[in-house]
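Breakdown of the fold
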Amino acid sequence: MKPTYPLDPDQPDASADVEARLLESLTPLPLPEARGRALASRLQERIRASRDAGRGLITLRRDQGHWAPLVPGVRVKRLSGGQRAVLLDLAPGAVIPFHRHHEDEECVVLRGSAQLGDVTVHPGDYHLATTGSRHGVVRSETGALLFLGGTPIGHGLEVARDVVTALLPGRGQAPLTVPRDEGPWTDPAPGLHLKLLRDDGHGRSLLVRLEAGCRADLAELAGHGECLMVEGEAFAGDTLLQAGDYQLAPQGVTRPTLSSDVGGLLFVRTGLRV
């Protein structure tokens, strides 16, 4: 419906009517041919740069991949065979037997809560079980979705080894737990916050928090590594990552700039060894 004139500024839709009247009065300006070619060339260059920035990255969406049963009430989805990374989905009341770790295993909670031996973890919490340590029973009363990095899950003989050797005496080094709301954050750029979780001399594990509107090109994320979107949304270049999405940057692949329109939290591991 066309606006009725003259306009009454006290009417609630007066602004929309003014905008409609202004738009009606606009006349498109012809674009010089040379200017049009230059704009088209710049657009195509940006498209090529975006495509090249994402080349080689491996992205697995939260609704992609294959879930397989592990024990009653627990299912697992392998994310990257080379990095031994999985998502572990525990139904309410599910239990995983006590076991011993023969490699460092990192855990981040995406949903729900779980009891890892004597420790309870919640969304965004980080848990590290070091080589030689023994975990008590893992259970979840509410149900939980966990990310595990450096896990033997998917390798049957190694899983059996972990369960059997848990019967041997010795608890090993106590696991490390870092709640999401505890520990220092650094602010290397406006809207960007980093929390270092682990640095073993070969690689680092971090939580990366982006505020809405943040755009960051992080040297900390350079090189071979993986990231998991814990909550919110972020763009890796032009690739949108949402909660539960996983992305692997193989050796030699340059990570694109990270940005977020609405804010987000990511877990990042760098310097991974194949």
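As a reminder, the structure under discussion sits directly above these lines.
Residues numbered from 1 in each chain as written. Predicted model: local features only at pLDDT ≥ 70, side-chain atom pairs only at ≥ 80, totals over all residues. Heavy atoms only, no water.

Our next topic: the nonpolar core. Judged by nonpolar contacts, the single largest core of 19 residues is most densely connected at Leu79, Tyr126, Phe147, Leu197, Tyr246 and Phe267. Contributions of two or more residues to this core are made by strand 4 (85-90), strand 7 (105-112), strand 10 (126-129), strand 13 (144-149), strand 19 (225-236), strand 21 (246-249) and strand 23 (264-270). Apart from the residues lying within four places of it in its own chain, the contact partners of Tyr126 are Glu106, Cys107, Val108, Leu176, Thr177, Val178, Leu197, Arg198, Ser205 and Phe267. By size, the runner-up hydrophobic cluster in this structure holds 17 residues, among which are Val74, Leu88, Leu116 and Ile153. (Core = buried A, V, L, I, M, F, W, Y, C linked by side-chain atoms within 4.5 Å. Buried < 20%, exposed > 50% of the residue type's maximum accessible area, 1.4 Å probe, protein only. Helix = DSSP H or I, 4+ residues; strand = E, 2+ residues; numbered from the N terminus. Contact = heavy atoms within 4.5 Å.)

Quick look at the packing of aromatic side chains now. With the rule as written, the count across this model stands at two aromatic pairs. Grouped by ring-pair contacts, the aromatic residues Tyr126, Phe147 and Phe267 constitute a single cluster. Over the ring of Trp185 we find Arg209, and its NZ or CZ is 4.2 Å from the ring centre. (Phe/Tyr/Trp six-rings, centres within 6.5 Å; stacked < 30°, edge-to-face > 60°. Lys NZ or Arg CZ within 6 Å of the ring centre and 35° of its normal.)

Attention shifts here to the sheet that holds strand 4. Read from one edge of the open sheet, seven strands run 2-3-4-13-7-10-14, paired in antiparallel fashion. Edge positions in the sheet fall to strand 2 (67-71) and strand 14 (176-178), since each has one partner strand and no second. The average angle at which neighbouring strand axes cross in this sheet is 25 degrees, direction not considered. Pairing geometry for strand 7 and strand 13, over six bridges, is antiparallel. Within the sheet, the bridge partner assigned to Val109 lies in strand 13 and is Leu146. (Pairing = 2+ DSSP bridges. Axes fitted to C-alpha atoms, helices over the stretch in contact; angles between N-to-C directions.)

Scanning the entire structure with this criterion turns up eleven salt bridges. Residue Asp89 pairs with Arg75 through a salt bridge whose shortest N-O separation is 2.9 Å. Of this pair, Asp89 sits in strand 4 while Arg75 sits in strand 3 (residues 74-80), and the two are 14 residues apart along the sequence. The buried category is assigned to Asp89, whose relative accessible area is 13%. Close ionic contact of Arg111 with Asp89 constitutes a salt bridge, the shortest N to O distance being 3.0 Å. One end of the pair, Arg111, is in strand 7; the other, Asp89, is in strand 4, with 22 residues separating them in the sequence. Taking the relative accessible area as the measure of exposure, Arg111 reaches 43% and is therefore partly exposed. (Salt bridge = Lys/Arg side-chain N within 4 Å of Asp/Glu carboxyl O.)

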